[in-house]
Amino acid sequence: MSASSIDQAIEHHINGQLDQALGLYVQALQEDPQTPGAADLISAILRTYLELALALMKTGRDPEAIRSFQRVLAIQPDEPVAHAYLSRLFISNNDFPQATRHLRHYLRLVPEDHIGAKLLLAYTGAEAVPERPAPAYITRLYDNYAASYDQKLVSSLRYQCPELIRAALQRHCRDKVAILDLGCGTGLCGQAVSSMATRLDGVDLSPQMLAKARQRAIYNELAVGDLYPFLEKKAGWYDVIVAAGVFEHIGDPRPVFRAAFGALRDSGLFIFTAEDNPTPELIVNSSGYYMHGRAYLAERAAQCGFAVSSLESVTLRLDNGRPVRGLCVVLRKTP
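**Student:** Got a minute to help me understand the sheet that holds strand E2 (residues 197-204) in this structure?
**Tutor:** The strands that make up a sheet are held in pairs by hydrogen bonds between backbone atoms, and each pair lies either parallel or antiparallel. Pairing is mixed in the open sheet, where seven strands are placed in the order E3-E2-E1-E4-E5-E9-E8. This sheet does not close on itself; its edge strands, each paired only once, are strand E3 (221-224) and strand E8 (306-319). The average angle at which neighbouring strand axes cross in this sheet is 15 degrees, direction not considered. Bridge count for E2 against E3 is four bridges, and the pairing is parallel. Following the sheet pairing, Asp204 is matched in E3 by Val224. Each of strand E1 (177-182), strand E4 (238-243), strand E5 (264-275), E8 and strand E9 (322-333) is contacted by helix H14 (residues 254-263), which is oriented at about 145 degrees to E5, the strand it contacts most. Running over the sheet, helix H15 (residues 294-303) touches E5, E8 and E9 and is turned about 145 degrees from E8.

Put into structure tokens, the structure is as follows:
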């Protein structure tokens, strides 16, 4: 391709005629892979389309956002960000076959699954519900969320889980106790129960969330890591284990019930919140969160040696201004 053709492509680019410019840049690279600057200019247009698509999503203009992401994939078929967002857009528009296609492509590109694609495949009906999410997904999700987590949950979403757990603890326990805050995040739940603790420990997968929790100066120990290995090392350490907003990321609860049972002292309490599932089966919702029903939780708790002391319907938070139905559960370790 001649220099004048590249100049024409750049002129289209400057004038905002991105499709025309993109076509000429691609043609230039096909004819001569060493064409100066063509690859960088293509990357610049792809970034523009990505930024435009994200802005369109935020303003609720889904059809235009889809077209913009598709422009990216026409040139860069293996762009994982475009596949990730297209899957979300198609889910929100109930086009599950298209969502499934993009989720599968994303997983081929990013097998570590940074967006919870396997959970969303369960929501679309394309895969079975996984027992638990990929740890890399949870770590990445909450590391990115850490800076705005408290403000968004408390101010925007009216997050109730810490207060619900504190109230349950006050009803079922008169004395101060040794408490583990499971999936402690920034320490919102720990802060709510700290006045009732002789010892307060926390564990979470996200280092950025734990950095925020450490600033509260309320914990005796904070550990970065998966909750299962942590619990297995703490046999008989705690009187109470609390978990606020954690069961949204736990599928079959039996592994965590068994691990918590071992970490509790005799007659110890496990107090947690969960999103309520109106069906008897374990399901995943459109946000990639697990939902557990009353009977489902009670049955599996009993299988792991717990008695249900309390299981009440509550409002966990708001989602798009609507209450999210949930459960606040108190289990007691039986002899």
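**Student:** Would you mind going over the side chain of Lys333 with me for this structure?
**Tutor:** Within the secondary structure, Lys333 sits in strand E9. Although Lys333 is buried, it makes no salt bridge; Asp266 carries the closest opposite charge, 4.4 Å away. Separated by 2.7 Å, the side chain of Lys333 and the backbone oxygen of Leu264 make a polar contact. Beyond its immediate sequence surroundings of up to four residues, Lys333 is in contact with Phe261, Leu264, Arg265, Asp266, Ser267, Gly268, Gly305 and Phe306.

**Student:** Honestly, the nonpolar core in this entry has me stumped. Any pointers?
**Tutor:** Burial of nonpolar side chains together is a common tendency in soluble globular proteins. With 45 residues, the main nonpolar core has Tyr149, Leu169, Ile179, Val240 and Ile271 as its most contacted residues. For this core, the leading source of residues is helix H10 (residues 161-172), giving five residues. Contact partners of Tyr149, with chain neighbours within four places excluded, come to Tyr142, Tyr159, Thr186, Leu188 and Met209. Core analysis: the second largest hydrophobic core is formed by 32 residues, Leu182, Phe230, Tyr238 and Ala260 among them.

**Student:** Can you walk me through the packing of helix H6 (residues 96-109) against helix H7 (residues 117-124) in this structure?
**Tutor:** A pair of packed helices can be characterised by two numbers: the angle between their axes and the separation between those axes. With their axes 10 Å apart at the nearest point, H6 and H7 run at an angle of 155 degrees to one another. Between H6 and H7, the angle falls in the class roughly antiparallel. Between H6 and H7 lies a crossing whose hand is left-handed. Across the interface between the two elements, Phe96, Ala99, Thr100, Leu103, Arg104, Tyr106 and Leu107 of H6 pack against Ala117, Lys118, Leu120, Leu121, Tyr123 and Thr124 of H7.

**Student:** Is there a simple way to explain the side chain of Ser87 in this structure?
**Tutor:** Relative to the helices and strands, Ser87 resides in helix H5 (residues 80-92). A relative accessible area of 0% means that Ser87 is categorised as buried. In this structure Ser87 touches Ala99, His102 and Leu103, once residues within four positions along its chain are discounted.

**Student:** Sorry, what's going on with the environment of Leu311 here?
**Tutor:** Mapped onto the elements, Leu311 comes out in strand E8. Measuring from C-alpha to C-alpha, the distance between Leu311 and Phe272 comes to 9.8 Å, with 39 residues separating the pair along the chain. Among residues more than four places away in sequence, those in contact with Leu311 are Arg294, Leu327, Cys328 and Val329.

**Student:** Looking at this structure, I do not really get the pairing of E9. What am I missing?
**Tutor:** Regular strands place their side chains on alternate faces of the sheet. Bridge analysis of E5 against E9 gives seven bridges, and the strand direction is antiparallel. Of the residues in E9, the one forming a bridge with Glu275 is Gly326. Looking at chain direction, E8 and E9 are connected through eleven bridges and run antiparallel. Looking at the pairing, Ser313 lines up with Leu327 of E9.

**Student:** Quick question: what am I supposed to make of the packing of aromatic side chains here?
**Tutor:** What describes a pair of aromatic rings is the distance from one ring centre to the other and the angle between the planes of the rings. Under the defined criterion, the tally for this structure stands at 13 aromatic pairs. Seen from their ring centres, Phe247 and Phe272 are 4.0 Å apart, and the 10 degrees between their planes marks the pair as stacked. With Phe247 in the loop between E4 and H14 and Phe272 in strand E5, this residue pair connects regions lying 25 residues apart in the sequence. Residue class for Phe247 comes out buried when judged on its relative accessible area of 0%. You can call Phe272 buried: its relative accessible area is 0%. Clustering of aromatic rings is evident, with ring pairs tying together Phe247, Phe257, Phe261, Phe270, Phe272 and Phe306. Above the ring of Trp237, the side-chain terminus of Lys234 is found at 3.8 Å from the ring centroid. Above the face of the Phe261 ring, Lys333 is positioned so that its terminal group lies 4.6 Å from the ring centre.

**Student:** Even after reading the chapter, I still don't get the state of the cysteines, so can you show me in this structure?
**Tutor:** Should the sulfur atoms of two cysteines be covalently bonded, the bond is a disulfide. Tallying each qualifying case throughout the model produces zero disulfides. The structure places no disulfide on Cys189, whose sulfur is separated from the nearest cysteine sulfur, that of Cys161, by 8.3 Å.

**Student:** It is not clear to me how the packing of helix H8 (residues 135-145) against helix H12 (residues 207-215) should be interpreted in this structure. Could you clarify?
**Tutor:** Across the interface, H8 lies against H12 with an axial gap of 7 Å and an inter-helix angle of 50 degrees. The angle between the axes of H8 and H12 places the two elements in the oblique class. The segment H8 lies against H12, with Thr139, Tyr142 and Asp143 engaging Pro207, Gln208 and Met209. Its residues assigned to classes, the contact of H8 with H12 comprises three nonpolar, two polar and one charged.

How each quantity is defined
Residues numbered from 1 in each chain as written. Predicted model: local features only at pLDDT ≥ 70, side-chain atom pairs only at ≥ 80, totals over all residues. Heavy atoms only, no water. Pairing = 2+ DSSP bridges. Helix = DSSP H or I, 4+ residues; strand = E, 2+ residues; numbered from the N terminus. Axes fitted to C-alpha atoms, helices over the stretch in contact; angles between N-to-C directions. Contact = heavy atoms within 4.5 Å. Buried < 20%, exposed > 50% of the residue type's maximum accessible area, 1.4 Å probe, protein only. Lys, Arg positive; Asp, Glu negative; His and termini not counted. Salt bridge = Lys/Arg side-chain N within 4 Å of Asp/Glu carboxyl O. Polar contact = N/O pair within 3.5 Å; in protein donor to acceptor, adjacent residues only side chain to side chain. Core = buried A, V, L, I, M, F, W, Y, C linked by side-chain atoms within 4.5 Å. Parallel < 35°, antiparallel > 145°, perpendicular 65-115°, else oblique. Left-handed = near helix turned anticlockwise from the far one by under 90°. Phe/Tyr/Trp six-rings, centres within 6.5 Å; stacked < 30°, edge-to-face > 60°. Lys NZ or Arg CZ within 6 Å of the ring centre and 35° of its normal. Disulfide = S-S within 2.5 Å. Nonpolar A, V, L, I, M, F, W, Y, C, P; charged D, E, K, R; others polar.

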